[in-house]
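Here is how the chains run, residue by residue.
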Amino acid sequence: MKMSEKSTSKSRVAGSYFLSLMSITLVLFLLGVFALLMMHAQKLSNHLKENIGFEIVMNSNVKEANILKLQQELEDMPSVKSTEYIPKEEAIRRLSEDLGEDFLQWLGNEENPLLPSIDVRFNADWANNDSIAAIQAQLRKNPDIKEIYYQKSLVDVITKNVNHIGLALMVASLVLLIIAIILIRNTIRLSIYSKRFLVRSMQLVGATSSYIRRPFIKSGILQGFFGALLADAFLALLLYGLNKRLPELTLVQDHTIIIGIFVGIIILGILLGGLSTRLALRKYLNADVDRLYA
C-alpha cells in the first residue's frame, strides 16, 4: 500500500511538472510568434517606406556630367537610400516595353521628347512628407532641374497606416506580455501547491527559508529554460515552414533580430521561471498549517 501511494505521489509530481513545462512552452511560443510578427511588420513597413521617393526630371540641355554630379551628391545625403540615373534612351526603351511597341516610330523625324531623370529612394526614417518636402525645396534651387514628381497622398497613406499598425502592435505586445507573466506565475503556483506539504515537512526539521527555496527555484529555472528551448524549436519549425511556402518573407527578415528573439525567449523563460517560483513559495513559507489544506 505504501509503495502504491509513493508511486501515485511521484506520478502526480511528474504530471504537475509536465503540465507546468508545457504551459510555459506554449506561453513563450505565443510570445515568440508575436515578436516575429512585429519584426516582419516593422521590416515590411521599412521596405514600403524605402520604395517611396521622387523622380527628378532634368532640363533637356543639361550635360550628362552635371547629371552624374547631382546623382553623386544625392547618394552622399544621409536621407537617400539609392538613386538611378535614367538617360533619354533608357526612358524610351522602358516606355516601349510598357506600351508593347516601338514608341519612336510614332514620332517620325521628331526628336525624343523624353527627358533624362534621376529616380531617388529614401531611407525609412526620411520617407515622410516633411522630410521629402524639405529635400525637394533644396533641390528646386538647382537650375538644371526642370521638375520633381512624387505622390504626396501615397506617402501620407503609408505613413499613417504604418504608425497606426505600430501603435496597435505595441499595445498588443504589452498586453500579451502581462498575460504571459500572469499565466506562467499561476502555472508555477499550481506546481508548488502540489508540494506544499513537502515545504512544511522541511520547515519542521529546521530547514531555513533559503535552503528550502534553493531546489524549488532551481527547478523553476530549469522549467523556464527547457520550456524556452521547446518554444524556440517550435518557432524554428514555424519559420522554416513559412519560408518554404512564402519565400518572399526572406526579403523582410533580419537574422540578427531572429537570433535575438530566440535568445530573449530563453532569458525570459529563465527569469519568469525563477522569479515566479520564488513568489509562489513565499505564500507557503509563511502560511499557517490550516491554510495548507485550503
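Residues numbered from 1 in each chain as written. Predicted model: local features only at pLDDT ≥ 70, side-chain atom pairs only at ≥ 80, totals over all residues. Heavy atoms only, no water.

J.: When you look at the layout of surface pockets in this model, what are you seeing that I'm missing?
T.: Gaps between atoms show up when a probe of the same size as a water molecule is rolled over them. As a volume, the largest pocket reaches approximately 240 Å³. Along the walls of the largest pocket sit 14 residues, with Ala41, Ser45, Val162, Ile165 and Gly166 positioned nearest its centre. Of all the elements in the fold, those that place two or more residues in the lining of the largest pocket are α1 (2-49) and α5 (152-193). When the residues that make up the lining of the largest pocket are grouped by side-chain class, the tally is eight nonpolar, five polar and one charged. (1 Å grid on protein atoms, 1.4 Å probe; cavity = no way out; pocket = protein on both sides within 12 Å on 5 of 7 lines; lining within 4 Å. Points joined across faces, edges and corners; volume = space filled by probe spheres on them. Helix = DSSP H or I, 4+ residues; strand = E, 2+ residues; numbered from the N terminus. Nonpolar A, V, L, I, M, F, W, Y, C, P; charged D, E, K, R; others polar.)

J.: So what exactly am I meant to see when it comes to the sheet that holds strand β2 (residues 80-86) here?
T.: Whenever strands of a sheet pair, they do so through backbone hydrogen bonds, lying parallel or antiparallel. Spatially, β2-β3-β1-β4 is the arrangement adopted by the four strands of the open sheet, whose pairing is antiparallel. The open sheet is flanked by β2 and β4 (145-149), the only strands paired with a single partner. Looking at each pair of strands side by side, their axes are set apart by 20° on average, direction ignored. Here helix α2 (residues 64-75) sits on the sheet and contacts β1 (53-58), β2, β3 (117-122) and β4; the angle it forms with β2, its principal contact strand, is near 165°. Relative to β1, helix α4 (residues 129-139) is tilted by about 10°, and along the sheet it contacts β1, β3 and β4. (Pairing = 2+ DSSP bridges. Axes fitted to C-alpha atoms, helices over the stretch in contact; angles between N-to-C directions. Contact = heavy atoms within 4.5 Å.)

J.: So what exactly am I meant to see when it comes to the packing of aromatic side chains here?
T.: The description of an aromatic ring pair uses the distance of the two centres, along with the angle that the planes make with each other. Enumeration according to the criterion identifies three aromatic pairs in this entry. Seen in terms of ring centroids, Phe54 and Phe122 are 5.1 Å apart; in terms of plane orientation they differ by 80°. Their pairing is edge-to-face. Taken together, the residues Phe54 in strand β1 and Phe122 in strand β3 connect sequence positions 68 residues apart. For Phe54, a relative accessible area of 2% corresponds to the buried category. Note on Phe122: relative accessible area 0%, which makes it buried. Ring geometry for Phe225 versus Phe226: centroids 5.4 Å apart, planes at 65°, classification edge-to-face. Owing to a relative accessible area of 28%, Phe225 belongs among the partly exposed residues under this scheme. (Phe/Tyr/Trp six-rings, centres within 6.5 Å; stacked < 30°, edge-to-face > 60°. Buried < 20%, exposed > 50% of the residue type's maximum accessible area, 1.4 Å probe, protein only.)

J.: Just to check I follow, could you spell out the pairing of β3 for this structure?
T.: Successive side chains on a regular strand alternate, one facing one side of the sheet and the next facing the other. For β3, the buried fraction is high: five of the six residues fall into the buried class. Pairing of β1 with β3, which is carried by five bridges, proceeds in the antiparallel orientation. Bridging from a neighbouring strand, Val57 pairs with Ser117 of β3.

J.: What should I look at first to understand the pattern of salt bridges in this one?
T.: Where side chains of opposite charge bring their charged atoms close, a pairing between them can arise. Taken as a whole and judged by the stated rule, the model has two salt bridges. Glu147 is the salt-bridge partner of Arg140, the closest N and O atoms lying 3.2 Å from each other. Accessibility expressed as a relative area gives 45% for Arg140, which makes it partly exposed. Given a relative accessible area of 26%, Glu147 falls into the partly exposed group. (Salt bridge = Lys/Arg side-chain N within 4 Å of Asp/Glu carboxyl O.)

J.: Teacher, can you tell me more about α2 here?
T.: Note on helix geometry: an α-helix contains 3.6 residues per turn, so any two residues three or four positions apart are oriented the same way. With twelve residues, α2 ought to run about 16 Å at 1.5 Å a step, and its terminal C-alpha atoms sit 17 Å apart, in line with that. Within α2 the residues assigned to the buried category are Ile67, Leu70, Gln71 and Leu74. Buried positions in α2, seen along its axis, are confined to an arc of 105° and lie on one side of it. Turned more than 90 degrees away from the buried face of α2 sit Ala65 and Lys69, all of them exposed. (Expected span 1.5 Å × (residues − 1). Arc of directions from axis to C-beta.)

J.: I would appreciate a short explanation of a nonpolar patch on the surface in the present structure.
T.: On the surface, Phe18, Leu19, Met22, Leu230, Phe234 and Leu237 cluster together into a nonpolar patch covering about 580 Å² of accessible area. Put simply, the parts of the chain that give the nonpolar patch at least two residues each are α1 and α7 (209-245). By the element assignment, Met22 lies in helix α1. Taking the relative accessible area as the measure of exposure, Met22 reaches 32% and is therefore partly exposed. (Patch = residues over 30% accessible without salt bridge, like charges linked within 9 Å, V, L, I, M, F, W, Y side chains within 5 Å. Areas by Shrake-Rupley, 256 points an atom, 1.4 Å probe, with all protein chains shown as cover.)

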